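Chain residues, written in single-letter form:
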Amino acid sequence: VINIIPTEDASGLATKDIPRRHLIRYCYFADRTNIRTNGYETIRIGESQYQMYDMSTIVEYCLFRRAIYGDDVSVYEPEIISSKSRNNIYRYNTFVENKGGLVLRHGDDCVVDGNFFFGEPGSTMGAGIRIIGLRHIIRNNYLENIDGTDLRAAICLMKGSGEWPEDSTSNGYESPGSARIFHNTIVNCNQPFALGATTSSSGTTPPNNVEIRNNVVQSDVGDGPVIDFNSANGWTISQISFSGNQAYH
(Lines give C-alpha, C1' and ligand atoms only; values in the text may rest on other atoms or scores of the structure.)
Protein backbone atom coordinates (compact mmCIF):
# COMPACT_ATOMS: atom_id res chain seq x y z
CA VAL A 1 0.00 0.00 0.00
CA ILE A 2 2.72 2.47 1.03
CA ASN A 3 6.34 2.02 -0.05
CA ILE A 4 8.75 4.83 0.82
CA ILE A 5 12.25 4.77 -0.66
CA PRO A 6 14.86 7.55 -0.72
CA THR A 7 16.04 9.34 -3.85
CA GLU A 8 19.39 10.75 -4.86
CA ASP A 9 20.13 14.46 -5.15
CA ALA A 10 20.45 16.37 -8.44
CA SER A 11 24.09 15.34 -8.85
CA GLY A 12 23.22 11.68 -8.50
CA LEU A 13 25.00 11.35 -5.17
CA ALA A 14 23.54 9.27 -2.37
CA THR A 15 22.10 11.33 0.46
CA LYS A 16 21.79 8.74 3.19
CA ASP A 17 22.36 11.18 6.06
CA ILE A 18 19.63 13.66 5.10
CA PRO A 19 16.43 12.90 7.06
CA ARG A 20 13.31 12.50 4.91
CA ARG A 21 10.83 13.13 7.75
CA HIS A 22 7.73 11.67 6.12
CA LEU A 23 4.61 11.48 8.30
CA ILE A 24 1.95 8.77 8.04
CA ARG A 25 -0.88 9.62 10.43
CA TYR A 26 -4.56 8.80 11.05
CA CYS A 27 -4.74 6.11 8.35
CA TYR A 28 -6.97 3.02 8.27
CA PHE A 29 -5.71 -0.17 6.62
CA ALA A 30 -8.13 -3.08 6.56
CA ASP A 31 -9.29 -6.31 4.90
CA ARG A 32 -6.30 -7.00 2.70
CA THR A 33 -6.27 -10.65 1.65
CA ASN A 34 -2.69 -11.76 1.17
CA ILE A 35 -1.89 -12.73 -2.42
CA ARG A 36 1.75 -13.81 -2.21
CA THR A 37 4.35 -14.97 0.28
CA ASN A 38 6.61 -11.91 0.32
CA GLY A 39 6.46 -8.24 -0.65
CA TYR A 40 2.87 -7.66 0.46
CA GLU A 41 3.63 -5.43 3.44
CA THR A 42 1.06 -2.78 4.27
CA ILE A 43 3.85 -0.23 4.84
CA ARG A 44 7.49 -0.55 3.88
CA ILE A 45 9.93 2.25 4.70
CA GLY A 46 13.18 1.76 2.83
CA GLU A 47 14.58 -1.32 1.12
CA SER A 48 17.63 -3.52 1.67
CA GLN A 49 19.87 -1.29 -0.46
CA TYR A 50 18.71 1.80 1.47
CA GLN A 51 18.87 0.37 4.99
CA MET A 52 21.52 2.82 6.18
CA TYR A 53 19.53 5.85 4.98
CA ASP A 54 18.15 8.20 7.62
CA MET A 55 14.45 8.22 6.76
CA SER A 56 13.28 9.67 10.13
CA THR A 57 9.70 8.76 9.21
CA ILE A 58 6.86 8.69 11.75
CA VAL A 59 3.90 6.32 11.57
CA GLU A 60 1.34 7.23 14.24
CA TYR A 61 -2.35 6.96 15.18
CA CYS A 62 -3.07 4.43 12.42
CA LEU A 63 -5.41 1.44 12.62
CA PHE A 64 -4.38 -1.84 10.99
CA ARG A 65 -7.35 -4.22 11.04
CA ARG A 66 -6.76 -7.47 9.16
CA ALA A 67 -4.26 -5.53 7.08
CA ILE A 68 -2.83 -8.92 6.10
CA TYR A 69 -5.39 -11.67 6.25
CA GLY A 70 -6.82 -14.72 4.48
CA ASP A 71 -7.59 -18.40 4.87
CA ASP A 72 -4.46 -20.04 3.42
CA VAL A 73 -1.89 -19.86 6.23
CA SER A 74 0.91 -20.97 3.89
CA VAL A 75 1.02 -17.71 1.94
CA TYR A 76 1.05 -15.02 4.61
CA GLU A 77 3.51 -12.16 4.32
CA PRO A 78 4.82 -11.93 7.93
CA GLU A 79 5.30 -8.14 8.00
CA ILE A 80 2.51 -5.58 8.26
CA ILE A 81 5.10 -2.84 8.68
CA SER A 82 8.58 -3.54 7.34
CA SER A 83 11.08 -0.99 8.61
CA LYS A 84 14.17 -1.02 6.36
CA SER A 85 15.90 2.27 7.20
CA ARG A 86 17.15 4.32 10.16
CA ASN A 87 15.62 6.57 12.81
CA ASN A 88 11.95 5.75 12.21
CA ILE A 89 9.27 6.06 14.91
CA TYR A 90 6.19 3.83 15.14
CA ARG A 91 3.87 5.07 17.88
CA TYR A 92 0.25 5.08 19.06
CA ASN A 93 -0.94 2.66 16.36
CA THR A 94 -3.45 -0.18 16.83
CA PHE A 95 -3.12 -3.61 15.20
CA VAL A 96 -6.18 -5.90 15.23
CA GLU A 97 -6.34 -9.54 14.03
CA ASN A 98 -3.49 -9.39 11.54
CA LYS A 99 -1.50 -12.31 10.12
CA GLY A 100 1.80 -10.55 10.64
CA GLY A 101 3.59 -8.03 12.82
CA LEU A 102 5.70 -4.88 13.05
CA VAL A 103 9.19 -5.87 11.95
CA LEU A 104 12.38 -3.80 12.29
CA ARG A 105 13.89 -5.69 9.36
CA HIS A 106 16.82 -3.46 8.36
CA GLY A 107 18.37 -0.28 9.71
CA ASP A 108 19.12 0.98 13.21
CA ASP A 109 17.91 3.43 15.89
CA CYS A 110 14.15 3.00 15.53
CA VAL A 111 11.52 3.46 18.25
CA VAL A 112 8.35 1.38 18.72
CA ASP A 113 6.34 3.18 21.40
CA GLY A 114 2.80 3.05 22.77
CA ASN A 115 1.21 0.72 20.23
CA PHE A 116 -1.64 -1.76 20.81
CA PHE A 117 -1.57 -5.27 19.32
CA PHE A 118 -4.69 -7.44 19.53
CA GLY A 119 -4.26 -10.89 18.02
CA GLU A 120 -6.89 -13.27 16.79
CA PRO A 121 -7.18 -15.97 19.48
CA GLY A 122 -6.11 -19.36 18.18
CA SER A 123 -4.36 -18.01 15.09
CA THR A 124 -0.67 -18.91 15.25
CA MET A 125 0.00 -16.67 12.24
CA GLY A 126 -0.46 -13.51 14.28
CA ALA A 127 2.66 -11.65 15.45
CA GLY A 128 3.82 -8.74 17.55
CA ILE A 129 7.17 -6.93 17.32
CA ARG A 130 10.33 -8.43 15.74
CA ILE A 131 13.72 -6.83 16.31
CA ILE A 132 16.76 -6.93 14.01
CA GLY A 133 19.53 -4.30 13.95
CA LEU A 134 21.11 -1.90 16.44
CA ARG A 135 19.92 0.39 19.23
CA HIS A 136 16.18 -0.04 18.82
CA ILE A 137 13.84 1.03 21.64
CA ILE A 138 10.67 -1.01 22.28
CA ARG A 139 8.63 0.59 25.04
CA ASN A 140 5.12 1.12 26.44
CA ASN A 141 3.44 -1.32 24.03
CA TYR A 142 0.40 -3.47 24.88
CA LEU A 143 0.12 -6.93 23.28
CA GLU A 144 -2.82 -9.29 23.82
CA ASN A 145 -3.79 -12.70 22.37
CA ILE A 146 -0.73 -13.00 20.13
CA ASP A 147 -0.67 -16.77 19.56
CA GLY A 148 2.40 -16.93 17.33
CA THR A 149 5.79 -18.24 18.45
CA ASP A 150 9.45 -17.74 17.47
CA LEU A 151 9.47 -15.12 14.68
CA ARG A 152 5.78 -14.44 15.42
CA ALA A 153 6.09 -14.19 19.21
CA ALA A 154 4.76 -11.16 21.05
CA ILE A 155 8.30 -9.75 21.19
CA CYS A 156 10.97 -11.50 19.12
CA LEU A 157 14.67 -10.70 19.29
CA MET A 158 16.48 -12.51 16.46
CA LYS A 159 20.00 -13.79 15.99
CA GLY A 160 21.87 -12.59 12.93
CA SER A 161 25.19 -12.52 11.13
CA GLY A 162 27.02 -9.92 13.22
CA GLU A 163 27.07 -6.12 13.11
CA TRP A 164 27.29 -4.71 9.60
CA PRO A 165 29.35 -1.84 8.16
CA GLU A 166 27.65 1.49 7.63
CA ASP A 167 27.36 1.02 3.87
CA SER A 168 25.92 -2.50 3.93
CA THR A 169 23.23 -3.38 1.40
CA SER A 170 22.85 -7.00 2.50
CA ASN A 171 19.37 -8.50 2.55
CA GLY A 172 20.34 -10.83 5.41
CA TYR A 173 19.88 -10.35 9.15
CA GLU A 174 22.02 -8.04 11.25
CA SER A 175 22.41 -9.18 14.84
CA PRO A 176 20.36 -7.06 17.25
CA GLY A 177 22.56 -5.03 19.56
CA SER A 178 21.87 -2.58 22.39
CA ALA A 179 18.10 -3.12 22.22
CA ARG A 180 16.08 -1.53 25.03
CA ILE A 181 12.80 -3.33 25.79
CA PHE A 182 11.05 -1.39 28.55
CA HIS A 183 7.58 -1.04 30.10
CA ASN A 184 5.64 -3.34 27.77
CA THR A 185 2.48 -5.21 28.85
CA ILE A 186 1.91 -8.70 27.42
CA VAL A 187 -1.45 -10.38 28.12
CA ASN A 188 -2.54 -13.93 27.20
CA CYS A 189 0.15 -14.37 24.56
CA ASN A 190 1.42 -17.80 23.60
CA GLN A 191 5.11 -16.85 23.72
CA PRO A 192 5.73 -13.45 25.34
CA PHE A 193 9.48 -13.30 24.58
CA ALA A 194 11.41 -15.25 21.93
CA LEU A 195 15.07 -14.39 22.45
CA GLY A 196 17.52 -15.52 19.79
CA ALA A 197 15.02 -16.80 17.23
CA THR A 198 16.53 -17.87 13.91
CA THR A 199 15.68 -18.89 10.38
CA SER A 200 17.68 -21.12 8.03
CA SER A 201 19.43 -18.03 6.66
CA SER A 202 19.53 -15.59 9.57
CA GLY A 203 22.92 -16.46 11.06
CA THR A 204 23.97 -17.55 14.53
CA THR A 205 25.51 -14.43 16.11
CA PRO A 206 23.46 -13.58 19.21
CA PRO A 207 22.24 -10.18 20.34
CA ASN A 208 24.50 -8.23 22.66
CA ASN A 209 24.06 -5.51 25.30
CA VAL A 210 20.28 -6.05 25.49
CA GLU A 211 18.22 -4.66 28.37
CA ILE A 212 14.76 -6.01 29.25
CA ARG A 213 13.30 -4.02 32.12
CA ASN A 214 10.00 -3.28 33.86
CA ASN A 215 7.77 -5.36 31.59
CA VAL A 216 4.63 -7.15 32.79
CA VAL A 217 3.46 -10.53 31.51
CA GLN A 218 0.08 -11.97 32.47
CA SER A 219 -1.63 -15.09 31.17
CA ASP A 220 -4.53 -17.26 32.27
CA VAL A 221 -4.83 -19.23 29.02
CA GLY A 222 -1.53 -21.14 28.81
CA ASP A 223 1.42 -22.37 30.80
CA GLY A 224 4.29 -22.14 28.31
CA PRO A 225 7.54 -20.31 29.05
CA VAL A 226 7.43 -16.57 29.52
CA ILE A 227 10.91 -16.34 28.00
CA ASP A 228 11.87 -18.79 25.25
CA PHE A 229 15.67 -18.57 25.07
CA ASN A 230 17.70 -20.06 22.23
CA SER A 231 21.04 -20.84 23.87
CA ALA A 232 22.67 -22.35 20.78
CA ASN A 233 26.16 -21.21 19.72
CA GLY A 234 27.32 -20.45 23.24
CA TRP A 235 24.90 -17.65 23.99
CA THR A 236 23.88 -17.45 27.65
CA ILE A 237 20.99 -15.62 29.20
CA SER A 238 23.47 -13.82 31.47
CA GLN A 239 24.32 -11.70 28.42
CA ILE A 240 20.93 -9.97 28.79
CA SER A 241 20.21 -7.48 31.57
CA PHE A 242 16.88 -8.08 33.31
CA SER A 243 15.32 -6.01 36.08
CA GLY A 244 11.88 -5.04 37.34
CA ASN A 245 9.96 -7.51 35.17
CA GLN A 246 6.85 -9.18 36.60
CA ALA A 247 5.04 -12.31 35.44
CA TYR A 248 1.61 -13.54 36.55
CA HIS A 249 1.42 -16.72 34.54
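Everything discussed here concerns the structure shown above.
The text that follows walks through the structure, step by step, so that each part is easy to find. This structure is a prediction, so every number in the text was calculated from the model and none was measured.

**Regarding the nonpolar core**
- Of all hydrophobic cores here, the largest spans 41 residues; its most connected members are Val59, Phe64, Ile81, Leu143 and Phe193.
- Discounting residues that sit within four places of it in the chain, Ile81 has contacts with Ile43, Val59, Phe64, Tyr90, Phe95, Gly101, Leu102 and Val103.
- Counting 8 residues, the second largest nonpolar core, distinct from the first, contains Val103, Ile132, Ala153 and Ala194.

**Thoughts on the sheet that holds strand β17 (residues 180–182)**
- One open sheet holds the 8 strands; their spatial order is β2-β5-β8-β11-β14-β17-β20-β23, and the pairing between them is parallel. For this open sheet the edge positions go to β2 (23–25) and β23 (240–243), each flanked by a neighbour on one side alone. Strand-to-strand twist in this sheet, taken as the mean axis angle between neighbours without regard to direction, amounts to 5°.
- Strand direction decides the pairing type here: strand β11 (residues 111–113) and strand β14 (residues 137–139), joined by 3 bridges, are parallel. Paired with Asp113 across the two strands is Arg139, which belongs to β14.

Conventions and cut-offs
- Per chain, the residues get numbers from 1 upward, laid out in the order the sequence is written.
- With the structure being a predicted model, the display of local features is reserved for residues of pLDDT at least 70 and the display and counting of side-chain atom pairs for 80 or more, all residues being used for whole-chain, interface and lining totals.
- Think of the side-chain values as coming from all heavy atoms in the structure, minus any hydrogens and water.
- Throughout, nonpolar core names a set of buried Ala, Val, Leu, Ile, Met, Phe, Trp, Tyr and Cys residues whose side chains join them through atoms within 4.5 Å.
- Residue exposure (1.4 Å probe, protein chains only): buried if accessible area is under 20% of the type maximum, exposed if over 50%, otherwise partly exposed.
- Should any heavy atoms of two residues lie within 4.5 Å, those residues are considered in contact.
- Two strands are said to pair when DSSP picks up at least two bridges between them.
- Helix numbering and strand numbering both begin at the N terminus, where a helix is a DSSP run of H or I of at least 4 residues and a strand a DSSP run of E of at least 2.
- Inter-axis angles, ranging from 0 to 180 degrees, are taken between N-to-C directions of lines fitted to C-alpha atoms, where helices are fitted over the stretch in contact.

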